[in-house]
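Residues per chain, in single letters:
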There are 2 protein chains.
Amino acid sequence: MRTGMKYFENNPWLLGEDHFETDWLGKAEAAMYLGNGYMGIRSATEESYVGEKRDTFVAGTFNKFDANEVTELPNVPDMIGMEIRLNQQRLDLTKGIVTNYQRNLDLKTGELLRSFVWEYQEIKAAFTFKRFVSFEQKHLLGQQIEIKNLGANIELEIVSGIDGQVSNSGSQHFTEGDKALAEGKYMQMMPYTSQSNIFFVLSTVHKIAKERDIYEETKKRIEMGRRKIYNRYWLDLAENQTVTIEKISSIHTSIDKETASKTLEEVKEIALTELKEATETGYQKLFEASKAAWDKKVWSVLPISIESKKFKDQLALNFAKYHLHIMTPAHDERMNIAAKGLSGEGYKGHTFWDTEIFMLPYFTFTHPEIAKSLVTYRYLGLEGAHKKAQINGYEGAQFPWEAAWPDDGETTPVWGAADIITGKPTKIWSGFIEQHITSDVAFGIKQYLDVTGDQEFAKEKGYEVILDTAKFWASRLEWQEDKQRYEILEVVGPDEYKEHVDNNSFTNYTAHWNITLAINLYERLQQEEPELFEKLNQKLALERVYAEWQDKVDKIYLPQPNQEGVLPQDDKYLSKKIIDLTEYKNSPHVGTLFHDYNLEQVNDMQVTKQADVLLLLFLFENLFPKKEKLINWNYYEPKTLHDSSLSLSTHAILAADLGKLDLSYDLFNQAMNIDMGENMTSSNEGIHAASIGGIWQMTVLGYGGVRCLNGKLRIEPHLPEAWSKLSFGIVWQGNPLEIQVTKEQFSVRNLGVQEVSFEAFGNNYSVSTEETIIF
Amino acid sequence: MRTGMKYFENNPWLLGEDHFETDWLGKAEAAMYLGNGYMGIRSATEESYVGEKRDTFVAGTFNKFDANEVTELPNVPDMIGMEIRLNQQRLDLTKGIVTNYQRNLDLKTGELLRSFVWEYQEIKAAFTFKRFVSFEQKHLLGQQIEIKNLGANIELEIVSGIDGQVSNSGSQHFTEGDKALAEGKYMQMMPYTSQSNIFFVLSTVHKIAKERDIYEETKKRIEMGRRKIYNRYWLDLAENQTVTIEKISSIHTSIDKETASKTLEEVKEIALTELKEATETGYQKLFEASKAAWDKKVWSVLPISIESKKFKDQLALNFAKYHLHIMTPAHDERMNIAAKGLSGEGYKGHTFWDTEIFMLPYFTFTHPEIAKSLVTYRYLGLEGAHKKAQINGYEGAQFPWEAAWPDDGETTPVWGAADIITGKPTKIWSGFIEQHITSDVAFGIKQYLDVTGDQEFAKEKGYEVILDTAKFWASRLEWQEDKQRYEILEVVGPDEYKEHVDNNSFTNYTAHWNITLAINLYERLQQEEPELFEKLNQKLALERVYAEWQDKVDKIYLPQPNQEGVLPQDDKYLSKKIIDLTEYKNSPHVGTLFHDYNLEQVNDMQVTKQADVLLLLFLFENLFPKKEKLINWNYYEPKTLHDSSLSLSTHAILAADLGKLDLSYDLFNQAMNIDMGENMTSSNEGIHAASIGGIWQMTVLGYGGVRCLNGKLRIEPHLPEAWSKLSFGIVWQGNPLEIQVTKEQFSVRNLGVQEVSFEAFGNNYSVSTEETIIF
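Our subject in this report is the structure included herewith. (Residues numbered from 1 in each chain as written. Chains lettered and ligands numbered in written order. Predicted model: local features only at pLDDT ≥ 70, side-chain atom pairs only at ≥ 80, totals over all residues. Heavy atoms only, no water.)

**Considerations on helix 9 (residues 437–452) of chain A**
All names here are of chain A. Taking 1.5 Å per residue as the helical rise, helix 9 with its 16 residues ought to reach 22 Å, and the 22 Å between its terminal C-alpha atoms agrees with that figure. Counted residue by residue, helix 9 has 15 buried out of 16 residues, so it is predominantly covered. Gly453 occupies a position one or two residues after helix 9 and carries a positive phi of about 65°. (Helix = DSSP H or I, 4+ residues; strand = E, 2+ residues; numbered from the N terminus. Expected span 1.5 Å × (residues − 1). Buried < 20%, exposed > 50% of the residue type's maximum accessible area, 1.4 Å probe, protein only.)

**Describing the sheet that holds strand 3 (residues 34–35) of chain B**
Residue and element names in this part refer to chain B. Across the sheet, which stays open at both edges, the three strands sit in the order 3-4-5 with antiparallel pairing between neighbours. This sheet does not close on itself; its edge strands, each paired only once, are strand 3 and strand 5 (56–58). Sheet topology note: the strand 4 (residues 39–41)/strand 5 ladder contains three bridges and is antiparallel. Across the sheet, residue Gly40 finds its bridge partner in strand 5, namely Phe57. (Pairing = 2+ DSSP bridges.)

**Thoughts on the pattern of salt bridges**
One pass over the full model with this rule turns up 97 salt bridges over all chains. The partner of Glu69 of chain A in a salt bridge is Arg226 of chain B, with the nearest N and O atoms 3.3 Å apart. Of the two residues, Glu69 of chain A is situated in the loop between strand 6 (63–64) and strand 7 (71–72) and Arg226 of chain B in the loop between strand 18 (219–225) and strand 19 (228–237); the pairing between them involves two chains. For the pair shown, Glu69 of chain A and Arg226 of chain B are each scored as buried. Between Lys552 of chain A and Glu548 of chain A there is a salt bridge; the shortest N-O distance is 2.8 Å. Of this pair, Lys552 of chain A and Glu548 of chain A both sit in helix 13 (residues 542–552), four residues apart, which is roughly one turn of the helix. Of the two residues, Lys552 of chain A and Glu548 of chain A, both sit in the buried class. Taken together, the shared-partner salt bridges connect Glu621, Asp657, Arg707, Arg714 and Glu716 of chain A into one network. (Salt bridge = Lys/Arg side-chain N within 4 Å of Asp/Glu carboxyl O.)

**A word on the sheet that holds strand 29 (residues 735–742) of chain B**
All names here are of chain B. Taking strand neighbours across the sheet as the criterion, the five strands line up as 21-28-29-30-33 in an open arrangement whose pairing is antiparallel. What marks the edges here is a single partner per strand, and that holds for strand 21 (305–308) and strand 33 (770–774). Averaged over all pairs of adjacent strands, the angle between their axes in this sheet comes to 15°, without regard to strand direction. When strand 29 meets strand 30 (residues 745–750), the two strands line up antiparallel, connected through five bridges. Bridge pairing in strand 30 links Gln740 to Ser747. (Axes fitted to C-alpha atoms, helices over the stretch in contact; angles between N-to-C directions.)

**Examining the pairing of strand 32 (residues 763–767) of chain B**
All names here are of chain B. Two strands pair when backbone bridges link them, and strand 31 (residues 756–760) and strand 32 are joined in this way by five bridges, in the antiparallel orientation. In the sheet register, Ala760 faces strand 32, and the bridge partner there is Asn763. Between strand 31 and strand 32, which pair antiparallel and follow one another directly, the connecting turn spans two residues, one of which, Phe761, has a positive phi of 50°.

**Re the relation of the copies chain B and chain A**
It takes a turn of 180° to lay chain B on chain A, together with a shift of 0.0 Å along the axis; the resulting RMSD is 0.0 Å. Such a combination of rotation and displacement between the chain copies is what one expects of a two-fold axis. Both copies present the same face, since 100% of the interface residues in chain B are matched by interface residues at the equivalent positions in chain A. (Least-squares fit on C-alpha atoms with pLDDT ≥ 70 in both. Contact = heavy atoms within 4.5 Å.)

**A word on the environment of Tyr497 of chain B**
Residue and element names in this part refer to chain B. Note that Tyr497 resides in the loop between strand 25 (485–487) and helix 11 (505–528). On the basis of relative accessibility, which here comes to 6%, the residue Tyr497 falls in the buried class. Leaving out residues up to four positions away in the same chain, Tyr497 has contacts with Gly591, Leu593, Phe594, Val602, Asn603, Val607, Thr608, Lys609, Leu641 and Asp643. In terms of polar contacts, Tyr497 uses its side chain to reach the side chain of Asp643, at 2.5 Å. (Polar contact = N/O pair within 3.5 Å; in protein donor to acceptor, adjacent residues only side chain to side chain.)

**A few points about the packing of helix 5 (residues 354–366) of chain A against helix 20 (residues 689–703) of chain A**
Residue and element names in this part refer to chain A. Where helix 5 contacts helix 20, the two axes come as close as 8 Å, and the packing angle between them is 50°. By the angle between their directions, the pair helix 5 and helix 20 is classed as oblique. Handedness of the helix 5/helix 20 crossing: left-handed. Where helix 5 abuts helix 20, its residues Asp354, Ile357, Phe358, Met359, Pro361, Tyr362, Phe365 and Thr366 lie against Ala689, Ala690, Gly693, Gly694, Trp696, Gln697 and Leu701. Of the residues contributing to the contact of helix 5 with helix 20, the split by class is ten nonpolar, four polar and one charged. (Parallel < 35°, antiparallel > 145°, perpendicular 65-115°, else oblique. Left-handed = near helix turned anticlockwise from the far one by under 90°. Nonpolar A, V, L, I, M, F, W, Y, C, P; charged D, E, K, R; others polar.)

**Description of helix 6 (residues 368–380) of chain B**
Residues and elements named next belong to chain B. In this model helix 6 runs 18 Å from its N-terminal to its C-terminal C-alpha over 13 residues, within 8% of the 18 Å that 1.5 Å per residue would give. Every buried residue of helix 6 is listed here: Ile370, Ala371, Ser373, Leu374, Val375, Thr376, Tyr377, Arg378 and Tyr379. Where helix 6 is buried, its residues meet helix 4 (312–326), helix 5 (354–366), helix 7 (382–391), helix 9 (437–452), helix 10 (455–476) and helix 12 (530–540).

**A look at the interface of chain B and chain A**
Frequently, the measure chosen for interface size is the accessible area removed from exposure when the parts meet. Across the contact, 41 residues belong to chain B and 41 residues belong to chain A. With both sides pooled, the region where chain B packs onto chain A buries about 3,300 Å², and carbon together with sulfur makes up 47% of that total. Taken together, chain B and chain A are joined by six salt bridges. In this structure, the connection of chain B to chain A is made through 16 residue pairs in polar contact (both at pLDDT 80 or more). Those elements that provide at least two residues to the side of chain B that touches chain A are strand 15 (178–182), strand 18 and strand 22 (415–418) of chain B. (Buried area = accessible area lost by both parts, 1.4 Å probe.)

**Overview of the environment of Leu272 of chain B**
Residues and elements named next belong to chain B. Within the element layout of this structure, Leu272 appears in helix 2 (residues 264–281). Here the alpha-carbon distance between Leu272 and Val753, two residues 481 residues apart in the chain, equals 46 Å. Non-local contacts of Leu272, meaning those with residues more than four positions away in its chain, are made with Ala182, Tyr186 and Gln188.

**A look at the packing of aromatic side chains**
All names here are of chain B. According to the stated counting rule, one finds 93 aromatic pairs over all chains in the structure shown. Arranged with centres 5.2 Å apart and planes meeting at 25°, the rings of Phe116 and Phe127 form a pair that is stacked. Here Phe127 lies in strand 12 (residues 123–133) and Phe116 lies in strand 11 (residues 111–120), a separation of eleven residues in the sequence. Judged by relative accessible area, which is 2%, Phe116 ranks as buried. Taken together, a centroid distance of 5.3 Å and an interplanar angle of 20° make the contact between Phe758 and Tyr765 stacked. Assigned by exposure class, Phe758 and Tyr765 land together as buried. (Phe/Tyr/Trp six-rings, centres within 6.5 Å; stacked < 30°, edge-to-face > 60°.)

**Observations regarding the packing of helix 9 of chain A against helix 10 (residues 455–476) of chain A**
All names here are of chain A. Taken N-terminus to C-terminus, the directions of helix 9 and helix 10 make an angle of 150°; their axes are 9 Å apart at the nearest point. Judged by the inter-axis angle, helix 9 sits roughly antiparallel to helix 10. Considering the relative orientation of helix 9 and helix 10, their crossing is left-handed. For the pair formed by helix 9 and helix 10, the contact residues are Thr438, Ser439, Val441, Ala442, Ile445, Tyr448 and Leu449 on the first element and Phe457, Ala458, Gly462, Tyr463, Val465, Ile466, Thr469, Phe472 and Trp473 on the second. Taken together, the residues of the contact of helix 9 with helix 10 break down into twelve nonpolar, four polar and no charged.

Pasting the structure below:
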């Protein structure tokens, strides 16, 4: 595979590109995007190229383009782009000679650096571009550009400001907005979203300093166009002279909590004051503060270190943590993580089950305060979940397959691209029948409660969600008179290559688990917390619902393994045709099966998009004996195309559990490379958040062997051959634990104040300071 | 000035470019755009470049982006663009070596041709791109691309279809719209405008034929994305092998008259049937039919030929006629000509006074049926004009400064870009106080009636507009008790560098003319057409209004020349500061005065943007003796920056009238080059429709000396030194006249059935066959 990626054997913090090609723009834009959970900015280059995708997103600012569409995160006016001309020639790396090219993202500091020497006609100049999104002041971003003239005198022209002509692939979410200029240099633009009526205040300013005549006033002119305000600067650059351009910008919106009650005019003033201070402070100091915030909030917290034969493994963990933090709106519990983080238009900024199953565990185990914000989002989503249940004729909380603002309810688009054969648009069924999301939400909350022991959240919010979701499931079950059992018909399970299936094992088992959990909770609350019980009873009619749970729970059909020990994915899967998948499994692209078959045909084959039965075996490992897991692995993995980025990490963990460490490590490598790897186009629509969460999960849950089972901590590490040592940390019920694993032993150091119990390889341990276990 | 333009000494039909540069994209896009009055498509290249403006407009399909904006012509999904890859390398003329480059618009046939040889890495291929918008079937456009492989075998990939991601500089007017595919190749997209709810049906199909194996099926795949549907084709091209790609496309909308009652589904079927037939017919035959329509409808009608020392003069006339016809929605009287034609987003597709004063005369004198459609548009606009008058507290018909759909009323944006000093948006006053538009409309209609003698239009529509506009003026006049006269205060005249002036001569004189015209019409109708009179009296309360006219008309203040003979532009103009304008007059750019002064300062100087007093002297030439005209020329021209494209042609005609033929010819050259000339960036926002109308006016009204004065034809030719012969034609009251002018004589040949009288140099002539007049 041709690639432009560059990795640094001696620096596990740098992700780079050593070659510029316009067909590869999306890779760096997404895999190296910058953000802080408040905003995310794709790392498009300052100068423009055909094929670029110039996106800035602010978490939570959902807007609906028109009545026929679902709400999505709008692409915010761009402040990164600049036109740079040397002797009237637009800087354009597809022209002339480019040497010493590099573009690196420093994961540790969040700074993106690009530098090169450009020679074109009579021009020769060295460029260095730096930028960061502040991890310290969430509204701020900074850019610094240095241009050194290596040739004869050049005339430099720079056009830079705020560009509101961007859109979501043509859909414009903003009004034009007022533009304003203060003191001849502070530019502001104040657009509104068209339907949700959120105002944005975008502010920017430039500081231009020319070496050797710093006091000379740069010639400039303010210009405004449609949806644009910018300054045009002209300056002469003598041979060997360097100019430094600092651009400091900020974004504020009317949904920012800290200015929630302010008018646009007031926020505009606040932003202006902040910008004046920031530009006074300057790029370097703002950046240092941001870097320090990264250290304090992320890197110094339970660091992970891997001693591996392959230097990229450590890089992958750094990459994952970097992305997990920039994608997560930790500042506001009304927001959650999008399937593409804040890195692209894909999936419209919506939240899926990906959060609970793939990203939440990282926060639950290492940043409980952020996890709390994420689970609170689901509590706030109850209103939308009730809406959805009612529309579908059910009770309780049916969580939306795709979620946006908490009370939006279901936001999955109803119609997808037209069918190639019929020419008619195809219906997207996920929003209607991909129902396991509801138990996934309960699962995420239960795990949060168990791992953190957060009683306050449990009582105020968590229990309610568990009970309300179980209420949904009770109403969802369908009685089969002939079989005298409850079934769940007509669903899509995790394997989305099978639509309209009956009794998908994953769905049935998790629904059963959810109801069982609610029954136990009901009984415990009734006894131990009568006041809370009464409150919840009032709200949810629990007594009636409890009777229903009691009546139904044991009659829920839980598919059982067949004679060979294979747990059927659904009622019909095992009777479908088996085809040779070698070609598709070996393809570097996903979805290639559809070049030969349509969805209807794929529905009739034993082909699985992503972990389905195997995910069940991983998440509920105590339900199934190891032997059965092995049988099912051997059955399902060969039929699984891993066409979803959610698939590989689950398989890697399960393979590790099953002792297939070489295979697991191979899957680990594939999984970690989904975004970080050498494929230059696979991240175009945005990074794969679940896959990135999976990198941490493979490491800590897989090789670290950490699990929360029935409310108890279990640690059963097993390192892949290439790794000699793994150090990581988790917080168990408020107690930070440092865990070091080698091939011979592992140790658990408790930095907390309470003794922590855990199970390992069949034994129970309690650790108050440090415990070492030899394999 | 650096330029890429190419002109052909031996071919006055070709306008070309011999050099490709991405900074010059706008030039060919606008000056060489294609259209047929129904649609206009900027001539953006098939492959994409940074800085391109890819616009398609369909006349009349106005939409309002949001409540704070005015209605504008939306940019329709693009069907011209294609991605072309050779051995995976995107065709990109900024890379590699380009030889034999040419891009020419054939004005006679409306075909745009681009060809070149591209060498890049191991690739060498010859490309020929042709396209046209059908002048015969208004919904159709065709493209033909030939690629000949001049190197070793190459793998060709073509991505082409319908791209709805385009917008008006970021403002999206369309819903996403359904996409459909018929028979695996006919692609359709059906978006709606967001506010005016007009549906569009865009349809396209490809036919790919490879030399030497025409029967081989091209490998292809249909793909759909957001706002996109396209086919991806792959084929191998052997050495010296040629592939031909034909793409035939069409546009239909719900405002098309011929399908006005049809549903979207029905129009979609009609479009599909038409497309199937068209693709069967094929590019070449469709093109031949379009070319024949150009001949029949335009080139064979009253042709203009110039024998000049400068070959570009003939080209300019061909260029002007080409553009006048593609910009004009002759098919639908609910539509009019936009200030930029259908060539760009500038002025939002709106109609200004430009139509009546600069473009309508061409149609009135040569294509009366099209002129009729244009004046009918104003009649249909009465509703909007009443609305505007009422809002402003006046009576009658106050025409909007900017007009869109007839009943929209005023569509001038209220706010412009922010003031550089205050940072606040500046108010655009034209919509409020640039009021001469109302008499301009009456002027256009009067001229139409006089030149064509169209009694039917006069009785059904024209008289009503003349009376209704006079009614407005009567209500608009302001009595000045101290001066015992009516004045018109607080206006903007044609010179927009003076806002809020009192008694702008152009405005006062034309208002007076409009009322006088109405008085005369009233009296004649009362006597000669009692039935019509009564109808109009009922509708407009004419008797009451007539009394008012009678009372006021002689008390209207008509500014008089001062002692030096200078007619003041307004009350204060002559007392303002005079500054040295040399620098600004010599600048190749317009508006450079504003680099040094703001509008407030300019308001206080004797600086004129465009013909104001001089325009009055041209349009109402009988009102002023020649000596006075000369004095005013000498006074105003040096103070006029010609910063509007409306200015030069008026000056050229007036200079010719005044016997300043060398100066006139110099102005003619400047005027004709506004779009056709060598400035590569001045047409970026679109062509200058008034300037293009001016090319015809300079020739026929200026050098041909044709005028309609007090309802009578006058012909007083005077050729510039460089011209030895000018032949042209007009239709006078239904009688086509062929006029040939040389330096010694001119002849008038009457091809009509009635004798035509005209005046020339003080003598009256009547011609039934031919008359020759020796100077």
